[in-house]
Amino acid sequence: MTGRGHRFTGIGAGFMAAAIARMAKAPEMIELIAAVVALLSTTMPDWIEIPFYRGGQRVGSLITHRTLTHWPPLWFALIAWGVHDGTVLGAIAIGSAVGSLVHILGDAPNPMGIPWILPHKRLRIGQKGLWKSGKYEVPLILGFAVTGFGLWYLAGGKSLIH
Ligand SMILES: [Zn+2]
(Lines give C-alpha, C1' and ligand atoms only; values in the text may rest on other atoms or scores of the structure.)
Protein backbone atom coordinates (compact mmCIF):
# COMPACT_ATOMS: atom_id res chain seq x y z
CA MET A 1 0.00 0.00 0.00
CA THR A 2 1.27 3.52 -0.80
CA GLY A 3 1.86 6.18 1.86
CA ARG A 4 -1.23 8.03 0.70
CA GLY A 5 -3.34 4.87 0.92
CA HIS A 6 -2.03 4.17 4.42
CA ARG A 7 -2.92 7.69 5.57
CA PHE A 8 -6.55 7.26 4.49
CA THR A 9 -6.85 3.96 6.37
CA GLY A 10 -6.49 6.17 9.46
CA ILE A 11 -10.26 6.73 9.38
CA GLY A 12 -10.90 3.05 10.05
CA ALA A 13 -8.02 2.84 12.52
CA GLY A 14 -9.48 5.74 14.53
CA PHE A 15 -12.81 3.97 14.93
CA MET A 16 -11.12 0.66 15.80
CA ALA A 17 -9.05 2.29 18.55
CA ALA A 18 -12.19 4.02 19.87
CA ALA A 19 -13.99 0.66 19.86
CA ILE A 20 -11.23 -0.94 21.93
CA ALA A 21 -11.26 1.92 24.45
CA ARG A 22 -15.05 1.67 24.63
CA MET A 23 -14.95 -2.11 25.20
CA ALA A 24 -12.42 -1.49 27.97
CA LYS A 25 -14.93 0.97 29.51
CA ALA A 26 -12.41 3.80 29.32
CA PRO A 27 -13.62 7.39 29.81
CA GLU A 28 -14.63 9.23 26.62
CA MET A 29 -11.50 11.42 26.77
CA ILE A 30 -9.29 8.30 26.63
CA GLU A 31 -11.39 6.96 23.74
CA LEU A 32 -10.98 10.24 21.84
CA ILE A 33 -7.21 10.38 22.39
CA ALA A 34 -6.81 6.74 21.25
CA ALA A 35 -8.87 7.51 18.12
CA VAL A 36 -6.91 10.63 17.16
CA VAL A 37 -3.55 8.93 17.74
CA ALA A 38 -4.67 5.94 15.62
CA LEU A 39 -5.83 8.28 12.86
CA LEU A 40 -2.32 9.75 12.75
CA SER A 41 -0.37 6.49 13.20
CA THR A 42 -1.11 4.51 10.05
CA THR A 43 2.26 5.38 8.48
CA MET A 44 4.23 4.77 11.68
CA PRO A 45 5.67 1.27 11.05
CA ASP A 46 7.54 2.67 8.01
CA TRP A 47 8.96 5.86 9.51
CA ILE A 48 10.04 4.38 12.85
CA GLU A 49 12.43 2.21 10.80
CA ILE A 50 14.47 5.45 10.44
CA PRO A 51 14.72 5.41 6.63
CA PHE A 52 17.56 7.03 4.68
CA TYR A 53 16.79 8.87 1.47
CA ARG A 54 19.01 9.68 -1.51
CA GLY A 55 17.62 11.88 -4.27
CA GLY A 56 14.11 11.50 -2.83
CA GLN A 57 14.34 7.67 -2.99
CA ARG A 58 14.28 5.45 0.05
CA VAL A 59 17.63 3.60 -0.08
CA GLY A 60 17.68 1.86 3.28
CA SER A 61 16.76 2.09 6.94
CA LEU A 62 18.22 1.55 10.38
CA ILE A 63 15.69 -1.22 11.12
CA THR A 64 15.31 -3.59 8.14
CA HIS A 65 12.12 -2.79 6.23
CA ARG A 66 9.06 -4.80 7.25
CA THR A 67 10.66 -6.67 10.13
CA LEU A 68 10.19 -5.77 13.81
CA THR A 69 8.03 -2.68 13.12
CA HIS A 70 5.66 -4.79 10.98
CA TRP A 71 5.40 -7.66 13.48
CA PRO A 72 1.78 -7.96 14.69
CA PRO A 73 2.46 -9.54 18.15
CA LEU A 74 4.41 -6.46 19.22
CA TRP A 75 1.45 -4.18 18.56
CA PHE A 76 -1.09 -6.57 20.12
CA ALA A 77 1.03 -6.56 23.26
CA LEU A 78 1.06 -2.75 23.23
CA ILE A 79 -2.75 -2.66 22.96
CA ALA A 80 -3.03 -5.05 25.92
CA TRP A 81 -0.67 -2.87 27.93
CA GLY A 82 -2.56 0.31 26.98
CA VAL A 83 -5.91 -1.17 28.02
CA HIS A 84 -4.40 -2.31 31.31
CA ASP A 85 -2.76 1.10 31.88
CA GLY A 86 -5.93 3.10 31.33
CA THR A 87 -4.21 6.52 31.40
CA VAL A 88 -3.49 9.04 28.62
CA LEU A 89 -0.23 7.18 27.96
CA GLY A 90 -2.23 3.98 27.60
CA ALA A 91 -4.56 5.73 25.14
CA ILE A 92 -1.54 6.80 23.07
CA ALA A 93 -0.25 3.21 23.17
CA ILE A 94 -3.62 1.83 21.99
CA GLY A 95 -3.90 4.42 19.22
CA SER A 96 -0.38 3.99 17.86
CA ALA A 97 -0.67 0.19 18.00
CA VAL A 98 -4.04 0.08 16.23
CA GLY A 99 -2.79 2.51 13.56
CA SER A 100 0.29 0.32 13.09
CA LEU A 101 -1.74 -2.91 12.82
CA VAL A 102 -3.96 -1.33 10.17
CA HIS A 103 -0.79 -0.31 8.30
CA ILE A 104 0.55 -3.87 8.52
CA LEU A 105 -2.76 -5.30 7.24
CA GLY A 106 -2.50 -2.88 4.31
CA ASP A 107 1.00 -4.20 3.53
CA ALA A 108 0.27 -7.90 4.15
CA PRO A 109 -1.22 -8.77 0.71
CA ASN A 110 1.84 -7.45 -1.21
CA PRO A 111 4.48 -9.81 -2.65
CA MET A 112 6.97 -8.72 0.03
CA GLY A 113 4.65 -9.91 2.79
CA ILE A 114 4.96 -9.15 6.50
CA PRO A 115 6.48 -11.09 9.44
CA TRP A 116 3.33 -12.80 10.73
CA ILE A 117 5.07 -15.07 13.26
CA LEU A 118 8.79 -14.33 13.66
CA PRO A 119 9.85 -10.66 13.53
CA HIS A 120 12.68 -11.15 11.02
CA LYS A 121 10.92 -13.60 8.69
CA ARG A 122 8.49 -12.09 6.19
CA LEU A 123 5.82 -14.42 4.82
CA ARG A 124 3.81 -13.67 1.71
CA ILE A 125 0.29 -14.89 1.14
CA GLY A 126 0.42 -17.61 -1.52
CA GLN A 127 3.20 -17.86 -4.08
CA LYS A 128 3.37 -14.23 -5.16
CA GLY A 129 1.28 -12.35 -2.62
CA LEU A 130 -2.25 -11.30 -3.45
CA TRP A 131 -1.50 -8.00 -5.21
CA LYS A 132 1.20 -5.38 -5.72
CA SER A 133 1.54 -2.35 -3.46
CA GLY A 134 -0.75 0.43 -4.64
CA LYS A 135 -3.56 -1.80 -5.90
CA TYR A 136 -7.10 -1.86 -4.49
CA GLU A 137 -6.43 1.11 -2.22
CA VAL A 138 -9.96 2.59 -2.37
CA PRO A 139 -11.75 -0.68 -1.46
CA LEU A 140 -9.19 -1.28 1.30
CA ILE A 141 -9.68 2.22 2.73
CA LEU A 142 -13.46 1.79 2.61
CA GLY A 143 -13.20 -1.72 4.08
CA PHE A 144 -11.21 -0.47 7.05
CA ALA A 145 -13.57 2.48 7.54
CA VAL A 146 -16.72 0.32 7.46
CA THR A 147 -15.17 -2.35 9.72
CA GLY A 148 -13.91 0.26 12.18
CA PHE A 149 -17.20 2.10 12.31
CA GLY A 150 -19.11 -1.18 12.70
CA LEU A 151 -16.93 -2.29 15.61
CA TRP A 152 -17.25 1.07 17.33
CA TYR A 153 -21.01 1.13 16.80
CA LEU A 154 -21.38 -2.36 18.26
CA ALA A 155 -19.04 -1.54 21.15
CA GLY A 156 -21.58 1.05 22.27
CA GLY A 157 -20.79 4.02 20.04
CA LYS A 158 -24.39 3.94 18.89
CA SER A 159 -25.42 5.54 22.19
CA LEU A 160 -23.52 8.67 21.06
CA ILE A 161 -25.29 8.99 17.72
CA HIS A 162 -28.86 8.11 18.70
ZN1 LIG B 1 4.96 -0.74 5.73
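The preceding data block contains the structure.
Residues numbered from 1 in each chain as written. Predicted model: local features only at pLDDT ≥ 70, side-chain atom pairs only at ≥ 80, totals over all residues.

1. Quick look at unusual backbone geometry
In plain terms, the rule: A run of H or I in DSSP counts as a helix once it spans at least four residues, and a run of E counts as a strand once it spans at least two, with each numbered from the N terminus. Put simply, a residue is buried when 20 or more other C-beta atoms lie within 10 Å of its own C-beta and exposed when 12 or fewer do; between those, it is partly exposed, and each C-beta is set from the backbone.
Phi is positive for K25, close to 60 degrees, though the residue is something other than glycine. Among the secondary structure elements, K25 is positioned in the loop between helix 2 (10-23) and helix 3 (28-40). On the neighbour-count criterion, K25 (11 C-beta atoms within 10 Å) is exposed.

2. Re the environment of T69
Short version of the rule: Here the contact rule is simple: place C-beta atoms from the backbone, and any two residues whose C-beta atoms are within 7 Å are in contact.
If you trace the backbone, T69 turns up in the loop between strand 2 (57-61) and helix 5 (72-85). A C-alpha to C-alpha distance of 12 Å links T69 and R122, two positions 53 residues apart in sequence. Other than its neighbours up to four places away in sequence, T69 contacts P45, I48, E49 and I63.

3. Quick word on the pairing of strand 2
The test is simple: Whether two strands pair depends on DSSP finding at least two bridges between them.
Across the five residues of strand 2, zero count as buried, placing the element largely on the outside. Taken together, the four bridges between strand 1 (residues 51-54) and strand 2 define a ladder with antiparallel strand orientation. From the neighbouring strand, F52 faces strand 2, where its bridge partner is G60. Joining the antiparallel neighbours strand 1 and strand 2 is a turn of two residues, in which G55 adopts a positive phi near 55 degrees.

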